[in-house]
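Residues per chain, in single letters:
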Amino acid sequence: MSETESNNKMRLYRNLASPYTRRVRAVIEELGLAGQIEEVDVDPYAAPPEFLAINPLSKVPVLITEQGEALPDSNLIISYLFTRGHGMAALPSGAKRWAALRRQYLAEGIIDAAVASTNEKRRPEGIIYQVFLDRQVAAIQRAVARLDEEAAELNQETPTTVEITIGCALGYLDFRMPYLEWRKGHDALAAWYTQFGERPSMQKTAPQPT
Ligand SMILES: N[C@@H](CCC(=O)N[C@@H](CS)C(=O)NCC(=O)O)C(=O)O
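No experiment lies behind these values; they were computed from the predicted model shown. (Residues numbered from 1 in each chain as written. Predicted model: local features only at pLDDT ≥ 70, side-chain atom pairs only at ≥ 80, totals over all residues. Heavy atoms only, no water.)

A look at the packing of helix α1 (residues 19–30) against helix α4 (residues 95–121)
Line of reasoning, step 1. Here α1 crosses α4 at 140°, and the two axes come no closer than 10 Å. If you check the angle between α1 and α4, you find them oblique. Of the residues in α4, those in contact with Pro19, Tyr20 and Arg23 of α1 are Gln104, Glu108, Ile111, Asp112 and Val115.
Line of reasoning, step 2. The residue makeup of the contact of α1 with α4, split by class, is four nonpolar, one polar and three charged. (Axes fitted to C-alpha atoms, helices over the stretch in contact; angles between N-to-C directions. Helix = DSSP H or I, 4+ residues; strand = E, 2+ residues; numbered from the N terminus. Parallel < 35°, antiparallel > 145°, perpendicular 65-115°, else oblique. Contact = heavy atoms within 4.5 Å. Nonpolar A, V, L, I, M, F, W, Y, C, P; charged D, E, K, R; others polar.)

Some thoughts on the packing of α4 against helix α5 (residues 130–149)
Axes are the key here: two packed helices are described by the angle between their axes and the distance separating the axes.
Line of reasoning, step 1. Where α4 contacts α5, the axes come no closer than 9 Å and their chain directions differ by 155°. Classified by the interaxial angle, the pair formed by α4 and α5 is roughly antiparallel. Considering the relative orientation of α4 and α5, their crossing is left-handed. Across the interface between the two elements, Arg102, Arg103, Leu106, Ile110, Ala113, Ala114, Ala116, Ser117, Glu120 and Lys121 of α4 pack against Phe132, Leu133, Gln136, Ile140, Ala143, Val144, Arg146 and Leu147 of α5.
Line of reasoning, step 2. When grouped by side-chain class, the residues that make up the contact of α4 with α5 number 11 nonpolar, two polar and five charged. (Left-handed = near helix turned anticlockwise from the far one by under 90°.)

As for the site of the ligand
Line of reasoning, step 1. In the region of the ligand, the neighbouring residues are Ser18, Pro19, Tyr20, Pro44, Tyr45, Ser58, Lys59, Val60, Pro61, Asp73 and Ser74.
Line of reasoning, step 2. At a separation of 3.3 Å, a nitrogen atom of the ligand approaches a polar side-chain atom of Tyr45.
Line of reasoning, step 3. At 2.8 Å from a nitrogen atom of the ligand is found a side-chain nitrogen or oxygen belonging to Asp73.
Line of reasoning, step 4. Here the ligand loses 79% of its free accessible area of 510 Å² to cover by the protein chains.
Line of reasoning, step 5. Across the shell around the ligand, the residue classes tally to six nonpolar, three polar and two charged. (Near = heavy atom within 4 Å. Polar contact = N/O pair within 3.5 Å; in protein donor to acceptor, adjacent residues only side chain to side chain. Areas by Shrake-Rupley, 256 points an atom, 1.4 Å probe, with all protein chains shown as cover.)

What about helix α3 (residues 74–82)?
Line of reasoning, step 1. The complete set of buried residues in α3 reads Ser74, Ile77, Ile78, Tyr80 and Leu81. Around the axis of α3, the buried residues are gathered within 160° of arc, so they sit on the same side.
Line of reasoning, step 2. Its buried side turned inward, α3 meets β1 (10–14), α1, β2 (37–41), β3 (62–64), β4 (70–71) and α6 (161–176). (Buried < 20%, exposed > 50% of the residue type's maximum accessible area, 1.4 Å probe, protein only. Arc of directions from axis to C-beta.)

Overview of the environment of Gly171
Line of reasoning, step 1. You can see Gly171 is positioned in helix α6.
Line of reasoning, step 2. Along the chain, Gly171 and Glu125 lie 46 residues apart, while their C-alpha atoms are 27 Å from each other.
Line of reasoning, step 3. Dropping the residues within four chain positions of it, Gly171 is found in contact with Arg22, Tyr193 and Pro207.

Re the sheet that holds β3
Line of reasoning, step 1. One open sheet holds the four strands; their spatial order is β2-β1-β3-β4, and the pairing between them is mixed. Lying at the two open borders of the sheet, with one neighbouring strand each, are β2 and β4.
Line of reasoning, step 2. In terms of strand pairing, β1 meets β2 through five bridges, oriented parallel. Across the sheet, residue Arg11 finds its bridge partner in β2, namely Glu38.
Line of reasoning, step 3. Strands β1 and β2 of the sheet are contacted by α1, whose axis makes an angle of about 145° with β1.
Line of reasoning, step 4. The sheet contacts of α3 involve β1, β2, β3 and β4, and relative to β3 the element is tilted by about 35°. (Pairing = 2+ DSSP bridges.)

Dropping the structure here:
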């Protein structure tokens, strides 16, 4: 069956350990779009041929739109989902917008560094590059410290993509790098996350080993 012949639902290719997938799935929950999207598990590292036909980069998440367009990136997908549902706060305007987007970018950077570390640690022991791992940890720690300084700026009741991304980044640290103990010395961010993590969108998308 081709993408366009399907039942007009959107389709999300996902991996339940992936923090990029989680951002998208949490937004789907917040926007009330779950009933319009069929989810399909894929292991991007196994690069199955039918998935490569959808995304030559072999990365998840990928959203197939109702028109059969394959969107291969979490930010691209989230932009598309915002045209399909309502219920999340828009980013602030003016100067606050750039501060908010900067925080989101820091959280994306935490995710990138933590995923890169996880992949590096999967190499055969002799070729794991410790200098690279140390650099990722340092970047994560500095970014967590910055977000902690700015925790008062984070919304609790009406999340934007900024809060969703920060929640997914911190959840991924708990999942893959708990030994970093990111909460230590970051009381404000830890307190924000404890409450934010209770949201159904966060609870339903908690990372799972795959
Ligand atoms: N920029 C992409 C990154 C997606 C990404 O790197 N996903 C990882 C899973 S956590 C993946 O599929 N990796 C497979 C690979 O790199 O071969 C996004 O935001 O969606």
